[in-house]
Amino acid sequence: MILPFFVYGTLRPGGTNHGLFLRGRTLREEPGRLRGAVLYEGPGYPYAVEEPGSVVSGELVTALPEAYAGLLAELDRLEEYVPGDPRNLYERVARDVVRAADGTAVRAWVYVAAPAVAARLRVRGKPIEGGEWRGAGA
């Protein structure tokens, strides 16, 4: 599936990884919101944990068609995501993200906390009020 990406941490414009991975490789970057997720502080980057009733703010990023395959592979490596690996910190999932400009729901790839990480965060994590991360380098 070729989908845009929803980014909410270091990949956002101004974040430490935006220039390294996204600059010059996107058609559009527009504000959006992921419903049904809570944002938690991580070690220099955030985690979105799927939970009803909350919203995470970020950007909906549409890659240039010629950059898509390489970007997908690079983002999977950045997020240390390997399909089916129980050691994953993040899982890449397709979710509806609401485009801020017009309220349209857009299906997008989102890296959310893997189940074991999400369980730990729910017990001991620090939720980010308002669902908008402005941490290190952001």
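Structural data are supplied above this passage.
One structure accompanies this document, and this report is about it. (Residues numbered from 1 in each chain as written. Predicted model: local features only at pLDDT ≥ 70, side-chain atom pairs only at ≥ 80, totals over all residues. Heavy atoms only, no water.)

## Observations concerning the environment of alanine 119
So, step 1. Secondary-structure assignment places alanine 119 in helix H3 (residues 115–124).
So, step 2. Judged by its relative accessible area of 40%, alanine 119 is partly exposed.
So, step 3. Residues alanine 119 and valine 49 lie 70 residues apart in sequence; the distance between their C-alpha atoms is 8.9 Å. (Helix = DSSP H or I, 4+ residues; strand = E, 2+ residues; numbered from the N terminus. Buried < 20%, exposed > 50% of the residue type's maximum accessible area, 1.4 Å probe, protein only.)

## What to know about the pattern of salt bridges
So, step 1. Evaluated as defined, the whole model comprises twelve salt bridges.
So, step 2. Notably, a salt bridge pairs arginine 12 with glutamate 132, separated by 3.3 Å at the nearest N-O pair. Residue arginine 12 is located in the loop between strand S1 (5–7) and helix H1 (18–22), and its partner glutamate 132 is located in the segment after H3; the two are separated by 120 residues in the primary sequence.
So, step 3. By relative accessible area, glutamate 132 is classed as partly exposed at 32%.
So, step 4. Across the salt bridge formed by glutamate 50 and arginine 95, the nearest N and O atoms sit 2.5 Å from each other. Of the two residues, glutamate 50 sits in strand S3 (residues 46–63) while arginine 95 sits in strand S4 (residues 90–99), which places them 45 residues apart along the sequence. (Salt bridge = Lys/Arg side-chain N within 4 Å of Asp/Glu carboxyl O.)

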